[in-house]
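These are the residues of each chain, in order.
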Amino acid sequence: AELPPEAEIELESWNLMGIRSALTLPIESQGVINHLILLNSVHRECEWPDAFVTRLRVLGEMLVSGMERAQMIRRCRQSEHRLTLAADLAGAGLWSVDTRTREVWGTERLLGIFGYPPGFAATLEDFEAAIHPDDLALVRTVMEGLTRDSDVFNLEYRIVRPEDGAERWLKSRGRPYFGPHGDMKLIMGVSIDITEQKINEVALRASELRLAKGAGLAGLTFYEVDLRAGTLYFDPALRDLIGLPPDQDRGLRALDFWMEQLHPDDRPRVMRLRQELHQGIKDQLTLEYRFLNPDLGQIWVQHLAAVATRDANGNAVATFG
């Protein structure tokens, strides 16, 4: 009889189930009600004392808090698992440093990169001991210089693995996290082994140096053109060869300048052959033509060209020569 009109459905349900008395306690958590405690009596009518209801509500809040904490832990573990899996697929190791205890948490991938066994209880001293002596000061300077205003930091440094003495290059990216009182609590980040990349960079620089020296001895010049990006590279020797003005250095202006300075009697032939190269009729070109250098006047040029990249239709995207 005390139920409001809005509870008509509940009244029908209680009558069907033979419920004589009912107690419903909504449990609020963070301003939202997601749980209810329900007590029903079917043999006789019940009056639940206020003190009992209060204790039951407190118990309900404790239960809900425990359930939500368990759900949060499960979600965190799922999120950590997904993040670790993604990092492993990328060949990266995740880590965090507790600045108060100097304890380091790291994924198995990270421990493996440093040469430590799975489950190794590492400290910051353990990881610093593996850093190459010539790079340790750089790493410490960056870590000690972190402030509340610090953004993400990037570091490249060498380590010497304790298990085999192998020298490896690492790239680490991280960020500090501070407490409400401005004290730094954590430094979290990711590290990846870039040794192969460094080896390739050294080999590439050596190759470029040999190419440059060989080209210089042979009197050769070099260029690359990316038509899709609208960019090009002319080496200094080629700029001197064609007398490229400084104001023609942006975008594809240098290419336009080269076309304009072709000898009028040779321009039609050169442009036709260039078009055949770009359309895929020819794979490469070897031609000679006259060029009007603004400072030197008419010169003869031997020109070798090829296509580096073509689109799906076979048209040139990037060329070099």
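Residues numbered from 1 in each chain as written. Predicted model: local features only at pLDDT ≥ 70, side-chain atom pairs only at ≥ 80, totals over all residues. Heavy atoms only, no water.

1. Re the sheet that holds strand β11 (residues 284-293)
Piece 1. Ordered by their spatial adjacency, five strands build an open sheet running β10-β9-β13-β12-β11, and the pairing between neighbours is antiparallel. The open sheet has two edge strands with one neighbour each: β10 (231-234) and β11. Looking at each pair of strands side by side, their axes are set apart by 25 degrees on average, direction ignored.
Piece 2. The pairing of strand β9 (residues 223-226) with β10 spans four bridges and is classified as antiparallel. Bridged to Asp 226 within β10 is Thr 231. (Pairing = 2+ DSSP bridges. Helix = DSSP H or I, 4+ residues; strand = E, 2+ residues; numbered from the N terminus. Axes fitted to C-alpha atoms, helices over the stretch in contact; angles between N-to-C directions.)

2. A closer look at the side chain of Thr 319
Piece 1. Relative to the elements of secondary structure, Thr 319 occurs in strand β13 (residues 316-320).
Piece 2. Thr 319 has contacts with Tyr 223, Glu 224, Val 225, His 278, Ala 306, Val 307 and Ala 308, leaving out every residue within four places of it along the chain. (Contact = heavy atoms within 4.5 Å.)

3. Description of the packing of helix α8 (residues 253-260) against helix α9 (residues 267-279)
Piece 1. Two elements in contact, α8 and α9, have axes whose closest approach is 10 Å; the angle formed by their N-to-C orientations is 135 degrees. For the element pair α8 / α9, the angle class is oblique. Touching Leu 255, Trp 258, Met 259 and Glu 260 of α8 are Arg 267, Val 270, Met 271 and Arg 274, all from α9.
Piece 2. When the residues that make up the contact of α8 with α9 are grouped by side-chain class, the tally is five nonpolar, no polar and three charged. (Parallel < 35°, antiparallel > 145°, perpendicular 65-115°, else oblique. Nonpolar A, V, L, I, M, F, W, Y, C, P; charged D, E, K, R; others polar.)

4. Things to note about α8
An α-helical segment advances 3.6 residues per turn. Residues three or four places apart therefore align on the same side.
Piece 1. What α8 keeps buried is the set Ala 254, Leu 255, Phe 257 and Trp 258. Buried residues along α8 cover an arc of 160 degrees about the axis, so they all sit on one side.
Piece 2. Looking at the buried positions of α8, the neighbouring elements they touch are β9, β10, α7 (236-242), α9, β11 and β12 (297-310). (Buried < 20%, exposed > 50% of the residue type's maximum accessible area, 1.4 Å probe, protein only. Arc of directions from axis to C-beta.)

5. Looking at the pairing of strand β8 (residues 184-193)
Piece 1. Where strand β3 (residues 92-98) meets β8, seven bridges bridge the pair, whose relative direction is antiparallel. Note on β8: the bridge partner recorded for Leu 94 is Val 190.
Piece 2. Here strand β7 (residues 167-178) pairs with β8 via nine bridges, running antiparallel. Pairing of Phe 178 across the sheet is with Met 184, part of β8.

6. Regarding unusual backbone geometry
Piece 1. Positive phi outside glycine occurs at Gln 30, with the angle close to 55 degrees.
Piece 2. With respect to the helices and strands, Gln 30 occurs in the loop between β1 (21-29) and β2 (32-41).
Piece 3. The exposure class assigned to Gln 30 is exposed, which follows from its relative accessible area of 80%.
Piece 4. Phi is positive for Arg 102, which is not a glycine, with a value near 65 degrees.
Piece 5. Structurally, Arg 102 can be placed in the loop between β3 and β4 (103-106).
Piece 6. Take Arg 102: its relative accessible area is 32%, and that puts it in the partly exposed class.

7. Observations regarding the nonpolar core
Side chains that are nonpolar tend, in soluble globular proteins, to be buried together.
Piece 1. Within the largest apolar cluster, 24 residues are counted, with the highest numbers of intra-cluster contacts made by Phe 234, Ile 242, Trp 258, Tyr 289 and Phe 291.
Piece 2. At the level of secondary structure, the elements contributing two or more residues to this core comprise β9, β10, α7, α8, α9, β11 and β12.
Piece 3. In this view, Tyr 289 contacts Trp 258, Leu 262, Asp 266, Arg 269, Val 270, Ile 299, Trp 300, Val 301 and His 303; residues no more than four positions away in its chain are not counted.
Piece 4. Val 97, Val 104, Leu 170 and Ile 187 belong to the second largest nonpolar core, which has 21 residues in total. (Core = buried A, V, L, I, M, F, W, Y, C linked by side-chain atoms within 4.5 Å.)

8. Remarks on α9
Piece 1. Helix length check: α9, at 13 residues, gives a terminal C-alpha distance of 18 Å against a target of 18 Å (1.5 Å per residue), a fit within 8%.
Piece 2. When we look at burial in α9, the residues that qualify are Val 270, Leu 273, Arg 274, Glu 276, Leu 277 and His 278.
Piece 3. Taken from the residues just after α9, Gly 280 is the one with a positive phi, measuring 90 degrees. (Expected span 1.5 Å × (residues − 1).)

9. Structural notes on the packing of aromatic side chains
Piece 1. Per the counting criterion, the structure on display carries five aromatic pairs.
Piece 2. Aromatic side chains Tyr 116 and Phe 120 sit 4.7 Å apart centroid to centroid with 15 degrees between the ring planes, which places their arrangement in the stacked category.
Piece 3. Ring geometry for Tyr 116 against Phe 127: centres 5.7 Å apart, planes inclined by 80 degrees, an arrangement best described as edge-to-face. Linking Tyr 116 in the loop between α3 (108-114) and β5 (122-123) with Phe 127 in helix α4 (residues 124-130), this pair joins segments that are 11 residues apart in sequence. For the pair Tyr 116 and Phe 127, one class covers both residues: buried.
Piece 4. The residue whose ring lies beneath Lys 198 is Trp 169, and the NZ or CZ to ring-centre distance is 4.7 Å. (Phe/Tyr/Trp six-rings, centres within 6.5 Å; stacked < 30°, edge-to-face > 60°. Lys NZ or Arg CZ within 6 Å of the ring centre and 35° of its normal.)

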